[in-house]
Amino acid sequence: EIIQESIPVSDMKMELFKIEQYVEMALNYLRVEDISSDLSFKQYAVDDMVRQVIRKYAKIFISKKIKMNFKPTGRYIVTDDKWFVFVLEQLISNALKYTKKGQISIYMKEKSLVIEDTGIGIPAEDLPRIFEKGFTGYNGRENKKSTGIGLYLCKNIMDKLKWNITVDSEVGSGTKIYLTKM
């Protein structure tokens, strides 16, 4: 006798969403070294790009009961929207992955777009290496959810877009990612 386990459709959709994200990351990993010919710089509203990412991850925010605190910036930037949105997706995805409760905030602080979470934080000894290819750090090994590729891609893409990406984090107090135009 075969016992069939009933898996809710919502769970299957969530798993499919995760698979799609990993496939997109893998494809972008293969392309990142040579994206210069793919870049198309135009003026974009920061708020539109952020809202696009928030909508994409809305179901995860809801299922994890994580609050999204977005303060519209009213800012426009010259960038490649496809690659800038990819970076935002990676950063929001990481924030959701490592935040059990609380909120994720997106706001401007001086000239930086800040993505802040109330997650588990990054150990000080790992911070200098988080943008290295393949580095998963303590959290990645502990939670077994890290590929060591996401932040590496973010750094490479932001370099090509002429933006700085910096991180401030403390274990137990969350993480702040700063995106600042060079």
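Right, let's walk through the structure included here. The structure displayed is predicted, hence computed values, not measured ones.

**A few points about the packing of aromatic side chains**
Point 1. Applying the stated rule across the entire model yields two aromatic pairs.
Point 2. With 6.2 Å between their ring centres and 75 degrees between their planes, Trp83 and Phe86 make a pair best called edge-to-face. Pair noted here: Trp83 and Phe86 are both in helix H4 (residues 81-97), with a separation of three residues, about one helical turn.
Point 3. On the basis of relative accessible area, Trp83 is assigned to the buried category, the value being 1%.

**Side note on the pairing of strand S5 (residues 112-117)**
Point 1. Among the six residues of S5, five are classified as buried, and the element is accordingly described as predominantly covered.
Point 2. Pairing of strand S4 (residues 103-109) with S5, which is carried by six bridges, proceeds in the antiparallel orientation. Considered in S5, the bridge of Tyr107 is made with Val114.
Point 3. Taking the residues that link successive antiparallel strands as the turn, the S4-S5 hairpin has two residues, and the phi of Glu110 there is positive, at about 55 degrees.

**A closer look at the nonpolar core**
If you look at soluble globular proteins, the nonpolar side chains tend to sit buried side by side.
Point 1. Within the largest apolar cluster, 47 residues are counted, with the highest numbers of intra-cluster contacts made by Phe84, Leu88, Leu91, Ile92, Ile115, Ile157 and Leu179.
Point 2. Broken down by element, this core gets its largest block of residues, 10 residues, from H4.
Point 3. Sequence-distant contacts of Ile115, that is, excluding residues within four places in its chain, are made with Leu88, Leu91, Ile92, Ile104, Ser105, Ile106, Thr175, Lys176, Ile177 and Leu179.

**Concerning the environment of Lys111**
Point 1. Looking at the element boundaries, Lys111 is found in the loop between S4 and S5.
Point 2. Ignoring any residue separated from it by four or fewer positions in sequence, one finds Lys111 in contact with Arg75, Leu179 and Thr180.

**As for the sheet that holds strand S6 (residues 163-170)**
Point 1. Spatially, S2-S4-S5-S7-S6 is the arrangement adopted by the five strands of the open sheet, whose pairing is mixed. Of all strands in the sheet, those with a lone pairing partner are strand S2 (67-70) and S6, marking the two edges. Each neighbouring strand pair of the sheet contributes to a mean axis angle of 15 degrees, computed without reference to strand direction.
Point 2. Taken together, the four bridges between S2 and S4 define a ladder with parallel strand orientation. The residue bridging Phe70 from the neighbouring strand is Ile106, located in S4.
Point 3. Sitting on the sheet, helix H2 (residues 46-56) touches S2, S4 and S5, and the angle it makes with S2 is about 175 degrees.
Point 4. Contacts from H4 reach S4, S5, S6 and strand S7 (174-181) within the one sheet, and its direction differs from that of S5 by about 25 degrees.

Reading the values: rules and limits
Residues numbered from 1 in each chain as written. Predicted model: local features only at pLDDT ≥ 70, side-chain atom pairs only at ≥ 80, totals over all residues. Heavy atoms only, no water. Phe/Tyr/Trp six-rings, centres within 6.5 Å; stacked < 30°, edge-to-face > 60°. Helix = DSSP H or I, 4+ residues; strand = E, 2+ residues; numbered from the N terminus. Buried < 20%, exposed > 50% of the residue type's maximum accessible area, 1.4 Å probe, protein only. Pairing = 2+ DSSP bridges. Core = buried A, V, L, I, M, F, W, Y, C linked by side-chain atoms within 4.5 Å. Contact = heavy atoms within 4.5 Å. Axes fitted to C-alpha atoms, helices over the stretch in contact; angles between N-to-C directions.

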